[in-house]
Amino acid sequence: MVDETGDRRIWQITGADRFRFLQGLITNDMLPLEKAPGILWAALLTPQGKYLADFFVIRLADDALLIDISETIAPATLRRLSLYRLRADAQITPLDMAVSRGIGTGPAGSMPDPRHPALGWRAYGLHGLTEPAPQIDWDWVRVAHCIPETGVELIPDDTYPLEAGLDRLRGVDFRKGCYVGQEVTARMKHKTQLRKGLVTVQIAGTAPVGTPILRDGREAGTLFTQSGGQAIAYLRFERATGPMQAGAAVVTWADDRFGVPDTTS
(Lines give C-alpha, C1' and ligand atoms only; values in the text may rest on other atoms or scores of the structure.)
Protein backbone atom coordinates (compact mmCIF):
# COMPACT_ATOMS: atom_id res chain seq x y z
CA MET A 1 0.00 0.00 0.00
CA VAL A 2 1.26 3.46 -0.93
CA ASP A 3 0.26 7.06 -0.52
CA GLU A 4 1.82 10.31 -1.65
CA THR A 5 1.84 13.07 0.91
CA GLY A 6 1.46 16.72 -0.01
CA ASP A 7 1.93 18.14 3.47
CA ARG A 8 5.71 18.00 3.48
CA ARG A 9 8.37 20.43 2.32
CA ILE A 10 11.73 19.35 0.98
CA TRP A 11 14.87 21.42 1.33
CA GLN A 12 18.28 20.70 -0.13
CA ILE A 13 21.35 21.57 1.91
CA THR A 14 24.56 22.27 0.03
CA GLY A 15 27.97 23.59 1.00
CA ALA A 16 31.14 22.17 2.51
CA ASP A 17 29.87 22.59 6.10
CA ARG A 18 26.41 21.04 5.61
CA PHE A 19 27.08 17.96 7.80
CA ARG A 20 28.92 19.89 10.52
CA PHE A 21 26.22 22.57 10.54
CA LEU A 22 23.43 20.08 11.28
CA GLN A 23 25.58 18.03 13.66
CA GLY A 24 25.83 20.97 16.06
CA LEU A 25 22.08 21.58 16.07
CA ILE A 26 20.02 18.40 15.97
CA THR A 27 19.38 15.57 18.45
CA ASN A 28 20.65 12.79 16.20
CA ASP A 29 24.11 11.93 14.87
CA MET A 30 24.98 12.97 11.32
CA LEU A 31 28.06 10.72 11.15
CA PRO A 32 26.27 7.74 9.53
CA LEU A 33 25.05 10.00 6.71
CA GLU A 34 28.55 11.38 6.20
CA LYS A 35 29.69 7.83 5.54
CA ALA A 36 26.88 6.55 3.32
CA PRO A 37 23.40 7.31 1.92
CA GLY A 38 20.55 6.83 4.37
CA ILE A 39 17.87 8.52 6.44
CA LEU A 40 17.55 9.64 10.05
CA TRP A 41 14.93 11.41 12.13
CA ALA A 42 15.88 14.21 14.50
CA ALA A 43 14.59 17.22 16.39
CA LEU A 44 15.68 20.80 16.79
CA LEU A 45 15.39 22.01 20.39
CA THR A 46 15.41 25.27 22.29
CA PRO A 47 18.41 25.97 24.55
CA GLN A 48 16.10 24.90 27.41
CA GLY A 49 15.72 21.46 25.82
CA LYS A 50 12.16 21.84 24.53
CA TYR A 51 10.99 20.71 21.11
CA LEU A 52 10.95 23.21 18.25
CA ALA A 53 10.76 21.00 15.16
CA ASP A 54 11.29 17.46 13.92
CA PHE A 55 12.31 16.34 10.46
CA PHE A 56 14.01 13.64 8.42
CA VAL A 57 17.52 14.17 7.09
CA ILE A 58 18.23 12.15 3.95
CA ARG A 59 21.36 11.52 1.94
CA LEU A 60 20.43 10.11 -1.45
CA ALA A 61 22.52 7.83 -3.60
CA ASP A 62 23.63 10.84 -5.66
CA ASP A 63 24.93 12.46 -2.40
CA ALA A 64 22.20 15.11 -2.29
CA LEU A 65 21.42 16.06 1.34
CA LEU A 66 17.74 16.76 2.01
CA ILE A 67 15.47 17.79 4.86
CA ASP A 68 11.90 16.46 4.86
CA ILE A 69 9.74 18.58 7.19
CA SER A 70 6.06 19.23 7.86
CA GLU A 71 4.85 22.33 6.06
CA THR A 72 3.16 23.52 9.27
CA ILE A 73 6.51 24.18 10.95
CA ALA A 74 8.71 24.74 7.90
CA PRO A 75 8.80 28.58 7.82
CA ALA A 76 9.65 28.98 11.51
CA THR A 77 12.25 26.20 11.32
CA LEU A 78 13.93 27.75 8.30
CA ARG A 79 14.20 31.06 10.13
CA ARG A 80 15.75 29.31 13.13
CA LEU A 81 18.25 27.39 10.99
CA SER A 82 19.20 30.59 9.20
CA LEU A 83 19.96 32.26 12.55
CA TYR A 84 22.31 29.43 13.49
CA ARG A 85 24.04 29.30 10.11
CA LEU A 86 26.26 32.35 10.74
CA ARG A 87 29.39 31.90 8.60
CA ALA A 88 28.98 28.20 7.93
CA ASP A 89 29.22 27.16 4.29
CA ALA A 90 25.71 25.67 4.25
CA GLN A 91 22.92 26.83 1.96
CA ILE A 92 19.28 25.73 2.33
CA THR A 93 17.10 25.89 -0.78
CA PRO A 94 13.58 24.53 -1.48
CA LEU A 95 13.05 21.61 -3.84
CA ASP A 96 9.90 20.61 -5.71
CA MET A 97 10.13 16.90 -4.93
CA ALA A 98 7.46 14.22 -4.42
CA VAL A 99 7.38 12.46 -1.04
CA SER A 100 5.81 9.00 -0.92
CA ARG A 101 5.39 6.56 1.93
CA GLY A 102 3.94 3.10 2.20
CA ILE A 103 3.75 -0.23 3.96
CA GLY A 104 5.13 -3.46 2.57
CA THR A 105 7.89 -3.83 0.03
CA GLY A 106 9.10 -0.41 -1.06
CA PRO A 107 10.13 0.61 -4.57
CA ALA A 108 13.75 0.87 -5.64
CA GLY A 109 15.31 3.89 -3.96
CA SER A 110 12.97 3.89 -0.96
CA MET A 111 14.27 3.93 2.61
CA PRO A 112 12.81 2.43 5.79
CA ASP A 113 11.22 4.97 8.11
CA PRO A 114 13.87 5.20 10.85
CA ARG A 115 11.36 5.69 13.70
CA HIS A 116 9.62 2.32 13.73
CA PRO A 117 9.27 -0.69 11.36
CA ALA A 118 5.46 -0.32 11.41
CA LEU A 119 5.80 3.01 9.59
CA GLY A 120 7.08 1.26 6.47
CA TRP A 121 9.17 3.21 4.00
CA ARG A 122 9.64 6.67 2.53
CA ALA A 123 10.68 7.59 -1.02
CA TYR A 124 11.82 10.86 -2.57
CA GLY A 125 11.40 12.02 -6.14
CA LEU A 126 9.50 8.93 -7.27
CA HIS A 127 6.21 9.68 -9.04
CA GLY A 128 3.26 7.50 -9.99
CA LEU A 129 3.38 5.35 -6.85
CA THR A 130 -0.03 6.25 -5.44
CA GLU A 131 -2.53 3.41 -5.25
CA PRO A 132 -6.20 4.50 -5.22
CA ALA A 133 -7.32 2.19 -2.37
CA PRO A 134 -7.30 1.14 0.34
CA GLN A 135 -6.07 4.15 2.27
CA ILE A 136 -3.52 3.56 5.00
CA ASP A 137 -4.78 4.53 8.45
CA TRP A 138 -1.59 6.21 9.62
CA ASP A 139 -3.28 7.42 12.79
CA TRP A 140 -3.97 3.81 13.75
CA VAL A 141 -0.32 2.93 13.16
CA ARG A 142 0.89 5.91 15.20
CA VAL A 143 -1.47 5.29 18.09
CA ALA A 144 -0.70 1.56 18.28
CA HIS A 145 3.02 2.29 18.59
CA CYS A 146 2.83 5.64 20.41
CA ILE A 147 4.48 7.65 17.64
CA PRO A 148 3.92 11.40 18.08
CA GLU A 149 2.95 13.70 15.21
CA THR A 150 4.24 17.18 14.44
CA GLY A 151 1.83 19.81 15.76
CA VAL A 152 -0.40 17.28 17.55
CA GLU A 153 1.58 15.49 20.25
CA LEU A 154 4.79 17.39 19.41
CA ILE A 155 4.14 20.98 20.45
CA PRO A 156 6.77 23.69 19.82
CA ASP A 157 8.19 25.34 22.94
CA ASP A 158 6.30 22.89 25.16
CA THR A 159 7.21 19.23 24.53
CA TYR A 160 10.33 17.64 26.02
CA PRO A 161 11.81 15.09 23.58
CA LEU A 162 12.24 12.27 26.10
CA GLU A 163 8.70 12.67 27.43
CA ALA A 164 7.55 12.29 23.81
CA GLY A 165 9.62 9.12 23.36
CA LEU A 166 12.03 10.48 20.76
CA ASP A 167 14.83 8.37 22.20
CA ARG A 168 12.72 5.20 21.89
CA LEU A 169 12.01 6.16 18.28
CA ARG A 170 15.70 6.61 17.41
CA GLY A 171 15.49 10.38 17.22
CA VAL A 172 18.06 11.13 19.95
CA ASP A 173 21.69 9.97 20.09
CA PHE A 174 23.25 10.22 23.56
CA ARG A 175 26.76 9.42 22.32
CA LYS A 176 27.19 12.32 19.92
CA GLY A 177 28.70 15.67 20.85
CA CYS A 178 26.95 18.84 21.89
CA TYR A 179 23.86 20.26 20.20
CA VAL A 180 21.34 22.90 21.15
CA GLY A 181 19.39 21.67 24.20
CA GLN A 182 21.72 18.70 24.76
CA GLU A 183 22.53 19.44 28.40
CA VAL A 184 18.89 19.40 29.54
CA THR A 185 18.13 16.29 27.46
CA ALA A 186 21.12 14.41 28.89
CA ARG A 187 20.18 15.41 32.43
CA MET A 188 16.64 14.08 31.94
CA LYS A 189 18.08 10.81 30.64
CA HIS A 190 20.69 10.16 33.30
CA LYS A 191 19.72 12.07 36.44
CA THR A 192 15.94 12.02 36.70
CA GLN A 193 13.07 9.55 36.44
CA LEU A 194 10.40 10.52 33.95
CA ARG A 195 7.14 11.23 35.75
CA LYS A 196 5.20 12.43 32.70
CA GLY A 197 5.10 11.42 29.08
CA LEU A 198 3.27 10.10 26.03
CA VAL A 199 1.79 6.60 26.21
CA THR A 200 -0.84 4.57 24.39
CA VAL A 201 -4.07 4.21 26.40
CA GLN A 202 -7.34 2.39 25.94
CA ILE A 203 -10.35 4.63 25.31
CA ALA A 204 -14.09 3.99 25.37
CA GLY A 205 -15.82 6.83 23.50
CA THR A 206 -14.21 9.86 21.91
CA ALA A 207 -13.19 13.37 22.88
CA PRO A 208 -11.47 16.25 21.07
CA VAL A 209 -7.68 16.39 20.90
CA GLY A 210 -6.48 18.45 23.84
CA THR A 211 -9.22 17.30 26.23
CA PRO A 212 -7.92 17.10 29.83
CA ILE A 213 -7.83 13.63 31.39
CA LEU A 214 -9.12 13.61 34.96
CA ARG A 215 -8.72 11.12 37.79
CA ASP A 216 -10.92 11.77 40.84
CA GLY A 217 -11.32 15.38 39.71
CA ARG A 218 -7.57 15.99 39.43
CA GLU A 219 -5.89 16.52 36.07
CA ALA A 220 -3.88 13.44 35.12
CA GLY A 221 -2.98 14.33 31.56
CA THR A 222 -4.14 15.32 28.08
CA LEU A 223 -5.80 13.29 25.32
CA PHE A 224 -4.42 13.36 21.79
CA THR A 225 -4.83 11.19 18.65
CA GLN A 226 -7.45 8.40 18.84
CA SER A 227 -7.97 5.37 16.62
CA GLY A 228 -9.37 1.86 16.99
CA GLY A 229 -10.26 2.07 20.69
CA GLN A 230 -6.83 3.39 21.61
CA ALA A 231 -5.32 6.86 21.96
CA ILE A 232 -2.07 8.66 22.56
CA ALA A 233 -2.17 10.52 25.86
CA TYR A 234 0.23 12.66 27.83
CA LEU A 235 -0.01 11.40 31.40
CA ARG A 236 1.26 12.22 34.86
CA PHE A 237 2.18 8.65 35.71
CA GLU A 238 1.58 8.81 39.46
CA ARG A 239 -2.02 9.99 38.90
CA ALA A 240 -2.89 7.72 35.96
CA THR A 241 -4.39 4.81 37.87
CA GLY A 242 -7.73 3.13 37.28
CA PRO A 243 -10.45 4.52 34.99
CA MET A 244 -10.00 8.18 34.04
CA GLN A 245 -12.33 10.63 32.35
CA ALA A 246 -11.63 12.67 29.20
CA GLY A 247 -14.81 14.57 28.44
CA ALA A 248 -17.40 11.86 27.77
CA ALA A 249 -14.74 9.18 27.17
CA VAL A 250 -13.27 6.73 29.67
CA VAL A 251 -9.49 6.24 29.53
CA THR A 252 -7.42 3.44 31.08
CA TRP A 253 -3.68 2.80 30.98
CA ALA A 254 -1.39 -0.19 31.64
CA ASP A 255 1.67 1.33 33.24
CA ASP A 256 4.14 -1.21 31.86
CA ARG A 257 3.58 -0.07 28.28
CA PHE A 258 6.83 0.85 26.42
CA GLY A 259 8.85 0.32 29.57
CA VAL A 260 7.59 3.50 31.21
CA PRO A 261 8.67 3.46 34.85
CA ASP A 262 6.12 2.77 37.58
CA THR A 263 6.51 5.79 39.86
CA THR A 264 3.97 4.55 42.40
CA SER A 265 6.31 1.97 43.95
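Keep in mind it's a predicted model, so treat the numbers as computed, not measured.

Considerations on the overall build of the chain
Alright, step 1. If you tally the helices and strands in the chain, you get five helices and 15 strands.
Alright, step 2. Against the 2.2 N^0.38 benchmark of 18 Å for 265 residues, the chain shows a C-alpha radius of gyration of 19 Å, consistent with a compact globule.
Alright, step 3. Each of the three principal axes of the chain carries a C-alpha extent, and together these read 55 × 45 × 30 Å.
Alright, step 4. Counting all 265 residues of the chain, 48% fall into the buried class.
Alright, step 5. The contacts in the chain between residues at least 6 apart in sequence include a share of 64% that link residues at least 24 apart.
Alright, step 6. The distance from the centre of the 29 positive side-chain charges to the centre of the 31 negative ones in the chain is 7 Å.

A closer look at the sheet that holds strand E3 (residues 38–45)
Alright, step 1. Read from one edge to the other, the open sheet built from five strands follows the order E3-E4-E5-E2-E6, with strand pairing classed as antiparallel. Of all strands in the sheet, those bounded by a partner on one side alone are E3 and strand E6 (91–95). Here the strands of the sheet are splayed against their neighbours by 30° on average, with no regard to which way each runs.
Alright, step 2. In this structure, E3 lies alongside strand E4 (residues 51–59), joined through eight bridges in antiparallel fashion. By the bridge assignment for E4, tryptophan 41 is matched with phenylalanine 56.
Alright, step 3. Across the sheet, helix H3 (residues 74–85) lies against strand E2 (8–14), E3, E4, strand E5 (65–70) and E6, angled at about 20° from E2, the strand it touches most.

Notes on the pairing of strand E9 (residues 121–124)
Alright, step 1. Here E9 shows no split at all, with Trp121 and Ala123 on one side and Arg122 and Tyr124 on the other all buried.
Alright, step 2. With four bridges connecting them, strand E7 (residues 99–102) and E9 associate as antiparallel partners. By the bridge assignment for E9, arginine 101 is matched with arginine 122.
Alright, step 3. Taken together, the two bridges between strand E8 (residues 111–112) and E9 define a ladder with antiparallel strand orientation. Within E9, the position partnered with proline 112 by the bridge is tryptophan 121.

Looking at helix H5 (residues 182–190)
Alright, step 1. Residues of H5 that are buried include every one of Val184, Thr185 and Met188, and no others. Each buried residue of H5 sits inside an arc of 100° when the element is viewed along its axis, so together they form one side. Exposed residues pointing more than 90 degrees away from the buried face of H5 are listed as Glu183 and His190.
Alright, step 2. Considering only its buried residues, H5 is in contact with E3.

A short note on the confidence of the model for the chain
Alright, step 1. Of the residues in the chain, 91% have a pLDDT of 70 or more, and the chain-wide mean is 91.
Alright, step 2. Confidence drops under a pLDDT of 50 for residues 257–265, and excluding neighbours within four residues, the segment shows 22 contacts in the predicted structure.

A look at the packing of aromatic side chains
Alright, step 1. All chains considered together, the criterion is met by one aromatic pair.
Alright, step 2. Ring geometry for phenylalanine 237 versus tryptophan 253: centroids 5.4 Å apart, planes at 25°, classification stacked. You can see phenylalanine 237 sitting in the loop between strand E13 (230–236) and strand E14 (244–246) and its partner tryptophan 253 sitting in the segment after strand E15 (249–252), a full 16 residues away along the chain. Summarising the burial analysis for this pair, phenylalanine 237 and tryptophan 253 share the class buried.

A word on the pattern of salt bridges
Alright, step 1. Applying the stated criterion across every chain yields a total of 13 salt bridges.
Alright, step 2. Where arginine 59 meets aspartate 63, a salt bridge forms, and the shortest distance between an N and an O atom there is 2.7 Å.
Alright, step 3. Judged by relative accessible area, which is 12%, arginine 59 ranks as buried.
Alright, step 4. Arginine 122 is the salt-bridge partner of aspartate 113, the closest N and O atoms lying 4.0 Å from each other. In this structure, aspartate 113 and arginine 122 share a single accessibility class: buried.
Alright, step 5. When salt bridges that share partners are traced, they join Arg8, Asp68, Asp113, Arg115 and Arg122 into one network.

Criteria and thresholds
All chains use their own residue numbering, which begins from 1 and follows the written sequence. The model is predicted, so local features are restricted to residues of pLDDT at least 70 and side-chain atom pairs to those at 80 or more, both for listing and for counting; the totals for chains, interfaces and linings are taken over all residues. No hydrogens and no water enter the side-chain calculation; it runs on all heavy atoms of the structure. A run of DSSP states H or I qualifies as a helix once it reaches four residues; a run of E qualifies as a strand once it reaches two. Both are numbered from the N-terminal end. Only the C-alpha atoms count toward the radius of gyration. The rule for a globule is 2.2 Å times the residue count to the power 0.38. Relative accessible area decides the class of each residue, using a 1.4 Å probe on protein chains only: under 20% of the type maximum gives buried, over 50% gives exposed, and in between gives partly exposed. Whether two residues are in contact is decided by their heavy atoms: any pair within 4.5 Å suffices. This count recognises Lys and Arg as positive and Asp and Glu as negative, with His and chain-terminal groups excluded. Where a charge sits is defined by one atom per residue type, namely NZ (Lys), CZ (Arg), CG (Asp) or CD (Glu). We treat two strands as partners when DSSP finds at least two bridges between them. Note on geometry: axes are lines fitted to C-alpha atoms, helical ones only across the stretch in contact, with angles between N-to-C directions running from 0 to 180 degrees. The reported arc concerns the directions from the helix axis to the C-beta atoms and nothing else. The predictor reports its confidence for every residue as pLDDT, a score running from 0 up to 100. A pair of Phe, Tyr and Trp rings is counted when the ring centres sit within 6.5 Å of each other, with Trp represented by its six-membered ring. The angle between the planes then sorts it: under 30 degrees is stacked, over 60 is edge-to-face, the rest tilted. Within this document, salt bridges are pairs made up of a side-chain nitrogen of Lys or Arg and a carboxyl oxygen of Asp or Glu, the two lying within 4 Å of each other.

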